[in-house]
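# Survey of secondary and tertiary structure
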Amino acid sequence: MLLVTLVVVGHSWVLLPEETLARNWFYDFLYLWHMPAFVMVTGYLSRSFSWSRRNVSRLVTVVAVPYVIFEAAMAAFRVEIGGEEGLAPLFVEPHWPMWFLAVLFLWRLATPLLLRVPNPLLLAVVASLLGGLIEGDVLDVGRATGMLPFFVLGLVARREHLDRLRTGPARKAAAAVLAVGFGLAAFIDGRIRTEWMYWRSSYADLDATFASGSLIRLGLLVVGTLLALSALALVPQVDGWFTRLGAATMVVYLFHGFFLRGAEYAGVAALLENNPWAALVVTSTLSVVLALGLAAPPVARRLNVAVDPFGTWRRRARARDRQAGPVGAGRS
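Small disclaimer: the values here were computed from a predicted structure and weren't measured. (Residues numbered from 1 in each chain as written. Predicted model: local features only at pLDDT ≥ 70, side-chain atom pairs only at ≥ 80, totals over all residues. Heavy atoms only, no water.)

## Re the packing of helix α3 (residues 53-80) against helix α12 (residues 249-265)
As a reminder of what qualifies: Under this scheme, a helix contributes an axis fitted over its contacting stretch, all axes are lines through C-alpha atoms, and angles between N-to-C directions fall in the 0 to 180 degree range. A helix here means a DSSP run of H or I that spans at least four residues, while a strand means a run of E at least two residues long, and both kinds are numbered starting from the N terminus. When an angle is under 35 degrees it counts as roughly parallel; over 145 it counts as roughly antiparallel; between 65 and 115 it counts as roughly perpendicular; any other value is oblique. Contacts were defined at the residue level, with two residues in contact if any of their heavy atoms lie within 4.5 Å.
Between α3 and α12, the shortest axis-to-axis distance is 11 Å and the interhelical angle comes to 5 degrees. Put simply, α3 runs roughly parallel to α12. Only Leu254, Phe255, Gly257, Phe258, Arg261, Gly262 and Tyr265 of α12 make contact with α3, whose side of the interface consists of Pro66, Phe70, Ala73, Met74, Phe77 and Arg78.

## Thoughts on helix α2 (residues 25-44)
What sets the pattern is the α-helix's 3.6 residues per turn: residues three or four places apart point alike. Defined as follows: Given a helix with a known number of residues, its expected span is that number minus one, times 1.5 Å. What we call the bend at a residue is the angle made by axes fitted to the seven residues finishing there and the seven residues starting there. Buried, partly exposed and exposed residues are distinguished by accessible area as a fraction of the type maximum, computed with a 1.4 Å probe on protein chains only: under 20%, between the cut-offs, and over 50%, respectively.
Here α2 contains 20 residues, and its C-alpha end-to-end distance of 30 Å stays within 8% of the 28 Å for a straight helix at 1.5 Å per residue. The principal kink in α2, of about 30 degrees, is found at Tyr31. Of all 20 residues that make up α2, 17 are buried, and the element is covered over most of its length.

## Some details on the nonpolar core
As a reminder, the rule being used: Residue types Ala, Val, Leu, Ile, Met, Phe, Trp, Tyr and Cys, when buried and joined through side-chain atoms within 4.5 Å, form a set referred to as a nonpolar core.
In terms of nonpolar packing, the biggest core is built from 81 residues, with Trp33, Phe100, Trp107 and Met147 touching the most fellow members. The element contributing the most residues to this core is α2, with 11 residues. Those residues in contact with Phe100 that lie beyond four places of it in its chain are Met35, Phe38, Val39, Thr42, Trp107 and Tyr253.

## Quick look at the pattern of salt bridges
Put simply, the rule reads: The term salt bridge refers to a pairing of a side-chain nitrogen on Lys or Arg with a carboxyl oxygen on Asp or Glu at a separation within 4 Å.
Under the counting rule described, the total for this entry stands at nine salt bridges. Glu84 serves as the salt-bridge partner of Arg78, at 3.0 Å between the closest nitrogen and oxygen. One salt bridge in this structure joins Asp207 and Arg193, with 3.8 Å as the shortest N-O distance. One end of the pair, Asp207, is in the loop between α9 (168-188) and α10 (210-234); the other, Arg193, is in the loop between α9 and α10, with 14 residues separating them in the sequence. In this structure Asp207 comes out as exposed when scored by relative accessible area, which is 70%. If you follow the salt bridges from partner to partner, you end up with Arg78, Glu84, Arg261 and Glu264 in one network.

## With respect to the environment of Val92
Structurally, Val92 is set in the loop between α3 and α4 (99-116). With 48 residues separating them in the primary sequence, Val92 and Asp140 have C-alpha atoms 8.6 Å apart. Discounting chain neighbours no more than four positions away, the residues touching Val92 are Tyr67, Asp137, Val138 and Leu139.

## What to know about the packing of aromatic side chains
Spelled out, the test is: Pairing of aromatic side chains requires ring centres within 6.5 Å, counting the rings of Phe and Tyr and the six-membered ring of Trp. Pairs whose planes differ by under 30 degrees are stacked, by over 60 edge-to-face, and all others tilted. Either the NZ atom of lysine or the CZ atom of arginine qualifies as a charge over a ring when it sits within 6 Å of the ring centre and within 35 degrees of the ring normal.
Counted by the stated rule, this structure contains 22 aromatic pairs. Each ring, one from Tyr31 and one from Tyr198, has its centre 5.6 Å from the other, and the planes form 80 degrees; the classification is edge-to-face. Remark: Tyr198 occurs in the loop between α9 and α10 and Tyr31 occurs in helix α2; sequence separation between them is 167 residues. For Tyr31, a relative accessible area of 7% corresponds to the buried category. Where Phe255 meets Phe258, the ring centres are 6.4 Å apart and the plane angle is 50 degrees; that geometry is what we call tilted. Taken as a pair, Phe255 and Phe258 lie in helix α12 at a separation of three residues, close to a single helical turn. Accessibility assignment for this pair places Phe255 and Phe258 in one class, buried. Grouping aromatic residues by their ring pairs yields a cluster made of Trp25, Phe26, Phe29, Trp33, Phe182 and Trp277. Note that Arg47 overlies the ring of Tyr44, its terminal NZ or CZ placed 3.9 Å from the centroid. The ring of Trp96 has Arg261 lying over it, and the distance from NZ or CZ to the ring centre is 4.5 Å.

## A few points about unusual backbone geometry
A negative phi angle characterises most non-glycine residues, just as the trans form characterises most peptide bonds. The phi dihedral of Trp96 falls on the positive side, at around 50 degrees, and the residue is not glycine. Looking at where Trp96 falls in the secondary structure, it is placed in the loop between α3 and α4. We note that Asn119 has phi near 50 degrees; this positive angle belongs to a residue other than glycine. Among the residues examined, Asn119 registers a relative accessible area of 55% and is labelled exposed.

## Some points on the environment of Pro276
Note on placement: Pro276 falls in helix α14 (residues 276-295). Of the residues examined, Pro276 reaches a relative accessible area of 28% and is grouped as partly exposed. Linking Pro276 and Pro236, residues 40 residues apart in sequence, is a C-alpha distance of 31 Å.

Rendered as structure tokens:
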């Protein structure tokens, strides 16, 4: 829930003026680690995936079907409401946040194979470095290879590994690493383009050779891993209301883009130009409220019909069967 909230915050910062510090220093710091951490957690939760009929069926209904629904909805929203033209081909090149569903589908399909090969993490790093040679955005395969090491790190992680992050010394080190990372973000601001942290563009598109591009990407892999693990180490282990909202992670992820695009089309960015710091606080606060609002159980239950239509239908069918009771019940 914390990570998907940061996704909303990061996307909301696009509304801020270009010269605002948040669009550079803060923005770079967030993008150095929050999506790597999000992908790590996704990998950890994908460890049990196999090519069984049940799992493949769920992959289609929980990932592929929402991709089709929301890819079409986001494209229609951008054209009809935003008046945008020249959008990428529908379903082939994911629109904005829909990239995650496309690459998640590919990662989950590859999971059984990744868990069988020797040294999967090393293989993933090599694939990431070679992925910088890929041109084109078909199913965002460039990002799928670029961020693969973070996914595989989650796949190979075990509970005891996570427990080590929870120790006192580890948490102190994590706080220090994040502080250094914040300073690093200020240093690389203007030296390395933010586009590198999206993991989607080829080295050629970033005006880099294979040698220099590989070194930059390898450095970002190391930094992203250290910062992501540090952030995860500092997350409290508390089972409270905020934790339970995490059940609606996909609802928040798939719906928040419509609100932020709507704010962009409404000209909110122009209202934020006069006071950059106030704009940063207001935008960040409202994006957190948006994430919490979308994850609130009464809202999430209704929106989940679009996110997981087959699962919603099955749950409602089971509920009706329970209410009906056994066949013949109540007859004399």
